[in-house]
Amino acid sequence: MPILPILQYPDDRLHKVAKKVDSISGEVLKLISDMAETMYAAPGIGLAATQVDVHLQIIVIDVSETHNDLQVLINPELVYSEGENKYEEGCLSVPGIYDLVQRAEKIEIRALNAQGEKFALKAEGILSVCIQHEMDHLKGIVFVEHLSHLKQVRIRSKLKKRLRETF
Ligand code: NI
């Protein structure tokens, strides 16, 4: 199973809006398995299909310390949110950049699992942050876009400079 390349910010493809999955085909299951492997290898706690340049509403998450609690969210919908909280976030598509983002404290979502079954999930803390971060990716939003314009300009120039130094 291959590890998939992760799009790096700023890349316009990170701004594409993901479409709903209409059937959980073998191809979709293969993608989910590759996305999980890519996330664990990075290592990261969440990955949206958008980040591997597949524009379908699929998210993999594992916020456990033991890395054995994979959650697959297909076509996730936010049905409830409450409160607000700020956590320091990072992203596999924005390496080395961490900053505080304000989000809802508690959320409830509905989604399909990898077997195509509907489920509801209530989340708070790091899981809530992670789900909201990954659902943003499906809408074409990268976490740094919640930061001030000045910070975004600085982050873009820092990452572009790093890219130039790599190649
Ligand atoms: Ni991310």
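Please refer to the structure placed before this passage.
Residues numbered from 1 in each chain as written. Predicted model: local features only at pLDDT ≥ 70, side-chain atom pairs only at ≥ 80, totals over all residues. Heavy atoms only, no water.

**Student:** When you look at helix α1 (residues 26–41) in this model, what are you seeing that I'm missing?
**Tutor:** Residues three or four positions apart in an α-helix share a direction because the helix packs 3.6 residues into each turn. For α1, built from 16 residues, the straight-helix expectation of 22 Å at 1.5 Å per residue is met to within 8% by its first-to-last C-alpha distance of 22 Å. Listed in full, the buried residues belonging to α1 are Val-28, Leu-31, Ile-32, Asp-34, Met-35, Ala-36, Thr-38 and Met-39. Against the buried residues of α1 lie β1 (46–48), β2 (58–61) and β3 (71–82). (Helix = DSSP H or I, 4+ residues; strand = E, 2+ residues; numbered from the N terminus. Expected span 1.5 Å × (residues − 1). Buried < 20%, exposed > 50% of the residue type's maximum accessible area, 1.4 Å probe, protein only. Contact = heavy atoms within 4.5 Å.)

**Student:** So what exactly am I meant to see when it comes to the coordination of the nickel ion here?
**Tutor:** Octahedral metals with six donors have ideal donor angles of 90 or 180 degrees. Tetrahedral metals with four donors have an ideal donor angle of 109.5 degrees. Taken together, Cys-91 (SG), His-133 (NE2) and His-137 (NE2) make up the full set of protein donors to the nickel ion, lying 2.1 to 2.2 Å away. Along the chain, the residues that donate to the nickel ion are spaced as C-x41-H-x3-H. Note that Cys-91 is positioned in the loop between β4 (85–89) and β5 (99–103) and His-133 in helix α2 (residues 125–138), a separation of 42 residues in sequence. Of the two residues examined, Cys-91 and His-133, each falls in the buried class. (Donors = N, O, S within 2.8 Å, 3.2 Å for Na, K, Ca; no water.)

**Student:** Looking at this structure, how should I read the side chain of Gln-51?
**Tutor:** By secondary structure assignment, the location of Gln-51 is in the loop between β1 and β2. On the accessibility criterion, Gln-51 (1% relative accessible area) is buried. In terms of polar contacts, Gln-51 uses its side chain to reach the side chain of Ser-93, at 3.0 Å. In contact with Gln-51, not counting residues within four places along its chain, are Pro-5, Ile-6, Leu-7, Leu-14, Gly-46, Cys-91, Leu-92, Ser-93, Glu-134 and His-137. (Polar contact = N/O pair within 3.5 Å; in protein donor to acceptor, adjacent residues only side chain to side chain.)

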